[in-house]
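Given next are the chains, with one letter for each unit.
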There are 2 protein chains.
Amino acid sequence: MDDLEKRLRKINKSSVIPVYYQLARILERSIRLGQLKSGESLPAENKIASICGISRMTVRRAISELVDLRLVSPQKGKGTFVTGYELDHTVFEFYDFFKEMRRRGKKPSSELVNVKIIKAGEKIAEKLDIPLNTKTLAIKLVLKADGYPMAYEEKYIVYEKQNPIIESEIRDPSLPSLVSSHLHKLPVNSCRILHVTIIDEQVAILLNTKPRTPAFLVEQILYDKDNVPIGWGKSIYRGDKYKLVSYDGLNLLSRKEGGITDYE
Amino acid sequence: MDDLEKRLRKINKSSVIPVYYQLARILERSIRLGQLKSGESLPAENKIASICGISRMTVRRAISELVDLRLVSPQKGKGTFVTGYELDHTVFEFYDFFKEMRRRGKKPSSELVNVKIIKAGEKIAEKLDIPLNTKTLAIKLVLKADGYPMAYEEKYIVYEKQNPIIESEIRDPSLPSLVSSHLHKLPVNSCRILHVTIIDEQVAILLNTKPRTPAFLVEQILYDKDNVPIGWGKSIYRGDKYKLVSYDGLNLLSRKEGGITDYE
DNA sequence: TAGTGGTCTAGACCACCTC
DNA sequence: AGGTGGTCTAGACCACTAA
């Protein structure tokens, strides 16, 4: 408590480092190192402001960073309280295949397995909330990084015959861009579901791997602004080539969250 | 452009809904519905302020929400620009087993498979960065929800003989709390890795499932404030009972990110 | 030089909570 | 009534960018 006050007084108002940033780091350290314990409250905003000799708005800016980090939660009329220890809450970021590969410095490409106009079967009809046998554009792709097969993807969108199918768009593995270019409807909401699955024999051949190995399955449903489903896709990522990584904690360098990375 | 101005003028300063919130939603809609396109810039902060008749600080508060949503990225001296279409960036939240089950309204429990002091083998020695054969506390658990086995967990921490092992702490499936109670060292950083795997025969028996079915494998490494590893654990979650769900997009109700959910 | 975003101030009023 | 966080203002100075 008293200890914290000492540290608060060390804030350097004429530093190039912003005051709100210095303050946020002081408070973050105090919490993460256990000097401010879960359930305790921070000093009042006005008190911090007067201790540090800064404006209350600057204090609030610092505290809002701690709120974003879920270290602290303010309660109107009462105070700002340190929340429970948060190393057991993790966030995994997940990017589209092309973005992810570019991020990793690898060259993404896609190979068309086939494109068909099909009549919606039970599963597709349910996912897209359309009648059975509605004409549906079905696209199957193998996704590669530096020419090496990494993932397999199936995408389904309702077919509009007036719109030609452009191959370059089909090969782009982003369902949102495909949907918006074919349907001229904007996907505004998206739901993604991450499952585990086992690679079957057909996909194993396409991915040049053994059947019955485990894999990530990412399902994506896109909705327009009226929450009508307009596209559905599933992607199978080789389990031997992917993992999702996430870092949490004090050190700034490791705060950056990871995404899919090589698994070796 | 002109259209946006019209909407900006509609802001109601005497509403119970905060001005910054109204403004953030107007800008968010304009971006998500494609009226403000990727690469375009928002009106300058001062301009928005004068159009709406509000303070620049309030405008900044609104824009900072869009930054958090990754819809927009401000550039010093130039302007604030709409970023690329972001339905292809997903965040999966992941909670500890106990927290997750309570969130779902199920009663979590754990069953000890065994607790041993072992000599670190190659794998553990490498993960914890300790010499081979160092005494290590090894804990194996089955995690249950409403009595039904859902996950299997192994945890390893360096053994300190002066600290007794308390069963209630062992059964708590949170590695951070286990480490801090046994070692009296605070875990300050955490690294989690999400893999896919296949359940082997021994685990299949414990989880009352068939062997060779797919599962999530979550690895966690904990570090103290000097970035020395102080605990390692792996958890295997039944692939038929888990999925990670995430919603993105315009609608407020669906903005809330999902976690692990039942898979039926 | 003019315009932009980044930081910061010193107030203000409010709703909420506790006493 | 007094303290707390939530919102908002009307300025200010700065560093950066572009013409």
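About the criteria used
Residues numbered from 1 in each chain as written. Chains lettered and ligands numbered in written order. Predicted model: local features only at pLDDT ≥ 70, side-chain atom pairs only at ≥ 80, totals over all residues. Heavy atoms only, no water. Helix = DSSP H or I, 4+ residues; strand = E, 2+ residues; numbered from the N terminus. Buried < 20%, exposed > 50% of the residue type's maximum accessible area, 1.4 Å probe, protein only. Contact = heavy atoms within 4.5 Å. Areas by Shrake-Rupley, 256 points an atom, 1.4 Å probe, with all protein chains shown as cover. Lys, Arg positive; Asp, Glu negative; His and termini not counted. Charge placed at Lys NZ, Arg CZ, Asp CG, Glu CD. Least-squares fit on C-alpha atoms with pLDDT ≥ 70 in both. Phe/Tyr/Trp six-rings, centres within 6.5 Å; stacked < 30°, edge-to-face > 60°. Lys NZ or Arg CZ within 6 Å of the ring centre and 35° of its normal. pLDDT = per-residue confidence, 0-100. Buried area = accessible area lost by both parts, 1.4 Å probe. Salt bridge = Lys/Arg side-chain N within 4 Å of Asp/Glu carboxyl O. Pairing = 2+ DSSP bridges. Arc of directions from axis to C-beta. Near = heavy atom within 4 Å. Nonpolar A, V, L, I, M, F, W, Y, C, P; charged D, E, K, R; others polar. Axes fitted to C-alpha atoms, helices over the stretch in contact; angles between N-to-C directions. Parallel < 35°, antiparallel > 145°, perpendicular 65-115°, else oblique. Left-handed = near helix turned anticlockwise from the far one by under 90°.

Structural notes on the overall build of chain A
Thought 1: Each helix and strand in chain A was counted, giving ten helices and eleven strands.
Thought 2: Per-residue burial over chain A gives 51% buried out of 264 residues.
Thought 3: Across chain A, the fraction of contacts at a sequence separation of at least 24, relative to all contacts at a separation of at least 6, is 55%.
Thought 4: When the accessible area of chain A is evaluated, it comes to approximately 12,900 Å², of which 51% is carbon and sulfur surface.
Thought 5: Within chain A, one finds 43 positive and 34 negative side-chain charges whose respective centroids are separated by 4 Å.

Overview of the relation of the copies chain A and chain B
Thought 1: After a rotation of 180 degrees and a shift along the axis of 0.0 Å, chain A superposes on chain B with an RMSD of 0.1 Å. What we have between these two chains is a two-fold relation. Among all residues of chain A, the minimum C-alpha distance to the rotation axis is found for A:Phe92, at 2.5 Å.

Points about helix H8 (residues 175–183) of chain A
All names here are of chain A.
Thought 1: With seven of nine residues buried, H8 is to be regarded as a mostly interior element.
Thought 2: Where H8 is concerned, the buried positions are Leu175, Pro176, Leu178, Val179, Ser181, His182 and Leu183.
Thought 3: In this fold, the buried residues of H8 make contact with strand S5 (135–145), strand S6 (148–158), helix H7 (167–171), strand S8 (214–223) and strand S9 (229–238).
Thought 4: Where H8 ends, the next residue or the one after it, His184, has phi of about 50 degrees, a positive value.

Observations concerning the packing of aromatic side chains
Thought 1: Summed over the entire model, instances satisfying the criterion amount to ten aromatic pairs over all chains.
Thought 2: Geometrically, the ring pair formed by A:Tyr237 and A:Tyr242 is edge-to-face, given 4.9 Å between the ring centres and 70 degrees between the ring planes.
Thought 3: Residues B:Phe97 and B:Phe98 carry aromatic rings whose centres are separated by 6.3 Å and whose planes lie at 55 degrees to one another, so their mutual orientation is tilted. Considered together, B:Phe97 and B:Phe98 belong to a single accessibility category, that of buried residues.
Thought 4: Three or more aromatic residues link up through ring pairs in this structure, and these residues are A:Phe92, B:Phe94, B:Tyr237 and B:Tyr242.
Thought 5: One cation-aromatic arrangement involves A:Arg25 over A:Tyr21; the distance from NZ or CZ to the ring centre is 4.7 Å.

Quick look at the confidence of the model for chain A
Residues and elements named next belong to chain A.
Thought 1: For chain A, the average pLDDT comes to 89, and 94% of its residues sit at 70 or higher.
Thought 2: Confidence, expressed as mean pLDDT per element, reaches its minimum in chain A at helix H10 (residues 252–255) with 42 and its maximum at helix H4 (residues 56–68) with 97.
Thought 3: Note on residues 252–264: pLDDT is under 50 here. Beyond four places in sequence and across chains, it has 49 contacts.

Some details on the interface of chain A and chain B
Thought 1: At the interface, 54 residues of chain A touch 54 residues of chain B.
Thought 2: Together, A:Asp88, A:Phe92 and A:Val196 form the three largest contributors to the area buried by chain A at its contact with chain B, with a combined 14%.
Thought 3: Linking chain A to chain B there are four salt bridges.
Thought 4: Between A:Lys99 and B:Asp88 there is a salt bridge whose closest N-O contact spans 3.5 Å.
Thought 5: Breaking the side of chain A that touches chain B down by element, the ones donating at least two residues are H4, strand S3 (89–95), strand S7 (189–198), S8 and strand S10 (243–249) of chain A.
Thought 6: Per element, the largest residue contribution to the side of chain A that touches chain B is ten residues, and it comes from S7(A).
Thought 7: Direction of pairing for S7(A) relative to strand S10 (residues 243–249) of chain B: antiparallel, over a ladder of six bridges.

Let's talk about helix H3 (residues 45–52) of chain B
Residue and element names in this part refer to chain B.
Thought 1: Among all positions of H3, only Glu45, Ile48, Ala49, Ile51 and Cys52 are buried. Here the buried residues of H3 occupy an arc of 165 degrees about the axis, which is enough to place them on one side. With respect to the buried face of H3, the exposed residues turned more than 90 degrees away are Asn46 and Ser50.
Thought 2: Packing partners of the buried residues in H3 comprise helix H1 (2–9), helix H2 (19–32) and helix H4 (56–68).

A look at the protein's contact with DNA strand D
Thought 1: Around DNA strand D there are 25 residues in total, and A:Arg56, A:Arg60, B:Val19, B:Ser55 and B:Thr58 lie nearest to it.
Thought 2: Each atom of DNA strand D within 4 Å of the protein belongs either to a base or to sugar and phosphate, the latter forming 69%.
Thought 3: Going through the elements one at a time, H4, strand S1 (72–75) and strand S2 (79–82) of chain A together with H2 and H4 of chain B are the ones with two or more residues in the surface near DNA strand D.
Thought 4: Counting residues per element, the surface near DNA strand D draws most heavily on H4(B), which supplies four residues.
Thought 5: For the surface near DNA strand D, the class distribution of residues is eight nonpolar, seven polar and ten charged.

Looking at unusual backbone geometry
Thought 1: Of note, A:Asp146 is a non-glycine position whose phi angle comes to about 50 degrees, a positive value.
Thought 2: Secondary-structure assignment places A:Asp146 in the loop between S5 and S6.
Thought 3: Note on A:Asp146: relative accessible area 52%, which makes it exposed.
Thought 4: Backbone geometry places B:His184, a non-glycine residue, at a positive phi of 55 degrees.
Thought 5: Examined against the element boundaries, B:His184 turns out to sit in the loop between helix H8 (175–183) and strand S7 (189–198).
Thought 6: For B:His184, a relative accessible area of 62% puts it in the exposed group.

Observations concerning the side chain of A:Glu45
Thought 1: Relative to the helices and strands, A:Glu45 resides in helix H3 (residues 45–52).
Thought 2: Aside from chain neighbours lying at most four places away, what touches A:Glu45 is A:Arg56, A:Val59, A:Arg60 and A:Ile63.

Side note on the packing of H1(B) against H2(B)
Residue and element names in this part refer to chain B.
Thought 1: Running from N to C, H1 and H2 cross one another at 155 degrees; their axes reach a closest spacing of 10 Å. Classified by the interaxial angle, the pair formed by H1 and H2 is roughly antiparallel. Once H1 is placed against H2, the crossing between them reads as right-handed. Taken together, the residues of H2 that come into contact with H1 (itself represented by Leu4, Arg7 and Leu8) are Leu23, Ile26, Leu27 and Ser30.

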